[in-house]
Amino acid sequence: MLIKENKIWDMSENLATPEGAFLNRRELMKAAGIGGLSLGIGGFMSSSAFAEVDPTADLYPAKRNEAFVLDRGLTPEDVNLKYNNFYEFGSHKQIYNNAQKLQTRPWEVMIDGMVEKPMTIGFDDLVRKMPLEERLYRHRCVEAWSMTIPWSGFALKELVKLANPLSSAKFVKMETFHDPKMASGQKQAWYPWAYTECLSIEEATNDLAFMVTGAYGKPLAKQFGAPLRLALPWKYGFKSIKSIVKISFVEKMPKSFWETLNGSEYGFWANVNPKYDHPRWSQATERVLHTGKRVPTLIYNGYGDQVASMYSSLKGRTAFF
Ligand SMILES: Nc1nc2c(c(=O)[nH]1)N[C@H]1C(S)=C(S)[C@@H](COP(=O)(O)O)O[C@H]1N2
Ligand SMILES: [Mo]
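Residues numbered from 1 in each chain as written. Chains lettered and ligands numbered in written order. Predicted model: local features only at pLDDT ≥ 70, side-chain atom pairs only at ≥ 80, totals over all residues. Heavy atoms only, no water.

### What about the packing of aromatic side chains?
Which entries qualify depends on this criterion: Each Phe, Tyr or Trp ring (for Trp, its six-membered ring) is paired with any other whose centre lies within 6.5 Å, and the angle between the two planes then decides the class: stacked below 30 degrees, edge-to-face above 60, tilted in between. Only protein chains enter the accessibility calculation, which uses a 1.4 Å probe. A residue is then buried if its area is under 20% of the maximum for its type, exposed if over 50%, and partly exposed in between. Helix and strand definitions follow DSSP, with helices as H or I runs of at least four residues and strands as E runs of at least two, each counted in order from the N terminus.
Under the counting rule described, the total for this entry stands at 25 aromatic pairs. Taken together, a centroid distance of 6.5 Å and an interplanar angle of 25° make the contact between tyrosine 216 and phenylalanine 224 stacked. Residue tyrosine 216 is classed as buried on the basis of its relative accessible area, which comes to 4%. For phenylalanine 224, a relative accessible area of 3% gives the class buried. Ring geometry for phenylalanine 238 against tyrosine 266: centres 5.3 Å apart, planes inclined by 75°, an arrangement best described as edge-to-face. Remark: tyrosine 266 occurs in the loop between α8 (257-261) and β11 (285-288) and phenylalanine 238 occurs in the loop between β9 (229-231) and β10 (244-250); sequence separation between them is 28 residues. Owing to a relative accessible area of 9%, tyrosine 266 belongs among the buried residues under this scheme.

### Things to note about the pattern of salt bridges
Applied cut-off: Basic side-chain nitrogens of Lys or Arg form a salt bridge, by our definition, when they fall within 4 Å of a carboxyl oxygen of Asp or Glu.
Scanning the entire structure with this criterion turns up 19 salt bridges. As a salt-bridge pair, glutamate 134 and arginine 64 come within 2.7 Å of each other at their nearest N and O atoms. Here the residue glutamate 134 occupies a position in strand β3 (residues 133-140), and arginine 64 occupies one in the loop between α3 (45-48) and α4 (77-80), the gap between them amounting to 70 residues. Residue arginine 64 is classed as buried on the basis of its relative accessible area of 13%. Here aspartate 207 and lysine 157 are joined by a salt bridge, their closest N and O atoms 2.3 Å apart. Taken together, the residues span a long stretch of sequence, with aspartate 207 in the loop between α7 (201-204) and β7 (210-215) and lysine 157 in helix α6 (residues 156-163) at a distance of 50 residues. Since its relative accessible area comes to 28%, lysine 157 is described here as partly exposed. Where salt bridges share partners, they join Asp71, Arg72, Arg138, Arg140 and Glu286 into one cluster.

### Focus: the site of ligand 1
Cut-off, in case you're wondering: Here, proximity means that at least one heavy atom of the residue falls within 4 Å of the molecule or strand. Each polar contact in these results corresponds to two N or O atoms within 3.5 Å; when the atoms are within protein, one needs to be able to donate a hydrogen and the other to accept it, and residues that are neighboring in sequence are counted only if both atoms are side-chain atoms. The Shrake-Rupley method, run with a 1.4 Å probe, gives the accessible areas here. Residue values count only the displayed protein chains as cover.
Taken together, 18 residues sit near ligand 1, with Tyr87, Glu88, Arg229, Ser240 and Lys242 positioned nearest. Within the contact set of ligand 1, an oxygen atom lies 3.2 Å away from a backbone nitrogen or oxygen of asparagine 85. Lysine 242 has a polar side-chain atom sitting 2.6 Å from an oxygen atom of ligand 1. Taken by itself ligand 1 offers 540 Å² of open surface, and the protein chains cover 99% of this.

### Focus: the pairing of strand β5 (residues 171-176)
Note the following rule: Two strands form a pair only when DSSP identifies at least two bridges running between them.
The element β5 is extensively covered by neighbouring structure, given that 5 of its 6 residues are classed as buried. Pairing of β5 with strand β6 (residues 196-200), which is carried by 5 bridges, proceeds in the antiparallel orientation. The residue bridging lysine 173 from the neighbouring strand is cysteine 198, located in β6. Here β5 runs beside β10; their pairing, made up of 6 bridges, is antiparallel. For lysine 173, the partnering residue across the bridge sits in β10 and is serine 248.

### Describing the sheet that holds β10
Worth spelling out the cut-off: Every angle, taken between N-to-C directions, lies between 0 and 180 degrees, and every axis is a line fitted to C-alpha atoms, over only the stretch in contact when it is a helix. The contact rule is simple, with two residues in contact once any of their heavy atoms fall within 4.5 Å.
The 5 strands are arranged β2-β1-β10-β5-β6 in an open sheet whose pairing can be described as mixed. Strands at the two margins of the open sheet, each flanked by one partner only, are β2 (119-122) and β6. With direction set aside, neighbouring strand axes in the sheet form an average angle of 20°. The strands touched by α6 are β1 (108-113), β2, β5, β6 and β10; relative to β10, the strand with the most contacts, the crossing angle is about 65°.

### A look at the pairing of β1
Relative to β2, β1 runs antiparallel, the two being bridged by 4 bridges. Note that in β2 the partner of glutamate 108 across the bridge is glycine 122. Taken together, β1 and the strand that follows it, β2, pair antiparallel across an intervening segment of 5 residues. Inspection of the sheet shows β1 paired to β10 by 4 bridges, in the parallel sense.

The structure is reproduced here in structure tokens:
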């Protein structure tokens, strides 16, 4: 059983509700015509992210979908903003500063492979075609830490619909940008850039698969993988690829970034399971960011009701590796 967290948690959850603070700020930003430099609501981010006017700022906060509830409080925004995995900007957690070099406009997403009509679409056009909503999600990194976050975005299945894949397409492969001049981590030539991830068509059209365009009621901060990243809350965090520039519908299961780097530690499915340890550490429990607590890890990270049936034909560890 997971224990209800203390009052600080409850407060942070209140702060994340779309009403009140965010709405006021949006109105203020509109009135000011520029970012919220002097507003000071978003802590240190108000000077960096909002110094540039985000052309999608008017879309946030998105209406929360109340179907997605958490068993614990939200991780405070300032904690999540300063503890990230984004190897393009360094192989450690404190990449938030370096990640501000990420140029998110213009941003185009190529959709190709086995689709009715391949296309390249500007991010700002894409996001305005999609039904945006807010979802509270858990996130479990394979490194045995976890967080919770109010993502904004749209169901991946909506994008699959837009792409109109052929029936022969079996997998959806996604790729991050590759630009070592902008992202110094990509100068580390031993990594198999660009970062790629992949899911089956069935997974991509599962209700839980979510394309993220915002967090905490605002456009996505750069360190979270702006302007477009994935969130697959039942899988280990590395499947949730950031800063996507290409989405390909393919017939054969491709190899991902981590699988290419170390196939004996990172497999294709990567579904969370406390029973199957990583070769170098236990997956039985997780350190919940900011709380100083360790809690038991749940199978499929607690989302089994929605996803377990997709893996009924896979036996034992194969469904999770
Ligand atoms: N392009 C890219 N996507 C990525 C990563 C990365 O290094 N590069 N790291 C992954 C890992 S291991 C995790 S845990 C999450 C971290 O997301 P967060 O920084 O928003 O918490 O992003 C995932 N997506
Ligand atoms: Mo991770």
